[in-house]
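These are the residues of each chain, in order.
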Amino acid sequence: MQVRIGVQSVPKELVVETSLSPDEIEQAVADALAEDDGVFALKSKNGRVVVPVTKLAYVEIAEADAPAVGFGAF
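One structure accompanies this document, and this report is about it. (Residues numbered from 1 in each chain as written. Predicted model: local features only at pLDDT ≥ 70, side-chain atom pairs only at ≥ 80, totals over all residues. Heavy atoms only, no water.)

Comments concerning the pattern of salt bridges
A side chain of one charge can pair with a side chain of the opposite charge when the charged atoms of the two come close. The test is simple: Here a salt bridge means any side-chain nitrogen of Lys or Arg lying within 4 Å of a carboxyl oxygen belonging to Asp or Glu. By definition, any uninterrupted DSSP run of H or I lasting at least four residues is a helix, any uninterrupted run of E lasting at least two residues is a strand, and each is numbered from the N terminus. Using a 1.4 Å probe on the protein chains alone, a residue whose accessible area is under 20% of its type maximum counts as buried, one over 50% counts as exposed, and one in between counts as partly exposed.
A complete count under the given rule lists two salt bridges for this structure. Note that Arg-4 and Glu-60 form a salt bridge whose closest N and O atoms lie 3.3 Å from each other. Here the residue Arg-4 occupies a position in strand β1 (residues 2-7), and Glu-60 occupies one in strand β5 (residues 56-62), the gap between them amounting to 56 residues. Glu-60 sits in the partly exposed class, given a relative accessible area of 35%.

Structure follows, in C-alpha cells:
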C-alpha cells in the first residue's frame, strides 16, 4: 500500500510504502485523531513515520503505483 501524508506548513507530502491494509491504516488514523495530543504512527518498509495529529493535513491511501515500462501505450 502506498500512503501519502500531508503535513501542515510543509510543501512536500510524505510518501510511505507499507504492508498494512487500507482498513488498518484508516483505523490508525482514527485512533490517533481520537486522542487530544495523539500521533499518527505508520510502520513503513524502511522504518517508522510519526506525525502529530495537530499537524496532520490529510492521509491518502492508494494502491502502490506500478512502474511504467517502455515508451507508452500503442
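Back to the write-up after that little detour.
Here's the deal with the nonpolar core
Quick note on the threshold: Put simply, buried Ala, Val, Leu, Ile, Met, Phe, Trp, Tyr and Cys residues joined by side-chain atoms within 4.5 Å make one nonpolar core.
Counting residues in hydrophobic clusters, the biggest one holds 14 residues, and the most contacted among them are Ile-5, Ile-25, Phe-40, Leu-42 and Val-51. Secondary-structure elements contributing two or more residues to this core are β1, α1 (22-34), β3 (39-43) and β4 (48-52).

Thoughts on the environment of Leu-14
Worth spelling out the cut-off: In what follows, residue pairs with any heavy atoms lying within 4.5 Å of each other are defined as contacts.
Among the structural elements, Leu-14 can be located in strand β2 (residues 14-17). Distance in space between the C-alpha atoms of Leu-14 and Val-49 is 8.9 Å, their sequence separation being 35 residues. With residues near it in sequence (within four places) discarded, Leu-14 still touches Val-3, Arg-4, Ile-5, Val-7, Val-49 and Val-51.

Side note on a negative patch on the surface
Selection criterion: Nonpolar side chains (Val, Leu, Ile, Met, Phe, Trp, Tyr) are joined into patches within 5 Å and like charges within 9 Å, using only residues with over 30% relative accessible area and no salt bridge. What sets the accessible areas is the Shrake-Rupley method with a 1.4 Å probe; for residues, cover comes only from the shown protein chains. Charge counting treats Lys and Arg as positive and Asp and Glu as negative, with His and both chain ends excluded. Charged groups are reduced to one reference atom each: NZ for lysine, CZ for arginine, CG for aspartic acid, CD for glutamic acid.
Taken together, Asp-31, Glu-35, Asp-36 and Asp-37 make up a surface patch of like negative charges. Asp-37 gets classed as exposed once you look at its relative accessible area, which sits at 72%.

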